[in-house]
Each structure stands twice: as C-alpha cells, then as structure tokens.
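# Analysis of the macromolecular model
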Amino acid sequence: SDKCLLLTFFSKNGKSITFYLDDLQIGNNITRPLNKYTASWPARECALDCGRYVSADGKDYQTIENHIGQIKLLWFDYQRGYVAGTFRFKGVHPPTGETMEITEGRFDINLNIY
C-alpha cells in the first residue's frame, strides 16, 4: 500500500489551519488522529500528526495529548491529484491555556494547481 507525507495549509481572512500527517495511507475513508504537539514555542512547524489553527489576532492553537481531534480522508485520487476530507479538533494556545474547537471542518483540494 502507498503512503505519503501530507502537509496542508488553508488560509482565509487572516486565519489559517494547518495539518501535518506522516506515513499517511493513500486511499479512501482513512481516519487519522490529531494528537501530537510542537516541542518548541512559538512553533514554526508542528510535530507530525497534529493540527494547528491560527486566529486572525495571531493566537496559535494546536493539538496535544489531551486536546485532540481527527482528520478523515474521504477521497484521495492520486492519479488525478484530488483529495477531500473532513476534520475536527480541539486546540490549546500554550502560553495562556486558552482552548478553541473546530467541529465540522471540510476540505476539497486540487493538488495539480501550481
């Protein structure tokens, strides 16, 4: 079975969401936990298998062991370069302990756009 490293970044109106997934099985209906964290703060890159949300005011929230979530690849067509899925996670802003939760995230990506 094929596997890959998937790093995704979505941004809109000053807010962004990033996922880092290592050794990801390529296929449909693949679910992965988001439960890792970045060892250093402020984070430039997350540990693998984590989610990050940066708010419009610059607060960086990330998944850690007790603030977790999941990402589900619903459709991954490597030949055509498309991936679609859903996600949810609870993140923490390490300096303050403040939390936020994303409950119904979705993405549809054309990987062939340059």
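Model, not experiment: these values are computed from the prediction.

## Topic: the overall build of the protein
When you go through the protein residue by residue, the secondary structure sums to 0 helices and 8 strands. Moving toward the C terminus, one meets the helices and strands of the protein in the order β-β-β-β-β-β-β-β. The 114 residues of the protein split such that 40% are buried. Nonlocal contacts in the protein, meaning residues at least 24 apart in sequence, comprise 52% of its contacts between residues at least 6 apart. For the protein, the exposed surface amounts to about 7,000 Å²; the carbon and sulfur share of it is 47%.

## Focus on the nonpolar core
Generally speaking, soluble globular proteins have nonpolar side chains that are buried together. In terms of nonpolar packing, the biggest core is built from 17 residues, with F87 and F89 touching the most fellow members. Top element by residues in this core is strand β8 (residues 98–110). It accounts for 4 residues. Residue contacts for F87: discarding those within four places in its chain leaves I17, F19, Q70, I71, I102, T103, E104, G105, R106 and F107.

Reading the values: rules and limits
- Residues numbered from 1 in each chain as written.
- Predicted model: local features only at pLDDT ≥ 70, side-chain atom pairs only at ≥ 80, totals over all residues.
- Heavy atoms only, no water.
- Helix = DSSP H or I, 4+ residues; strand = E, 2+ residues; numbered from the N terminus.
- Buried < 20%, exposed > 50% of the residue type's maximum accessible area, 1.4 Å probe, protein only.
- Contact = heavy atoms within 4.5 Å.
- Areas by Shrake-Rupley, 256 points an atom, 1.4 Å probe, with all protein chains shown as cover.
- Core = buried A, V, L, I, M, F, W, Y, C linked by side-chain atoms within 4.5 Å.

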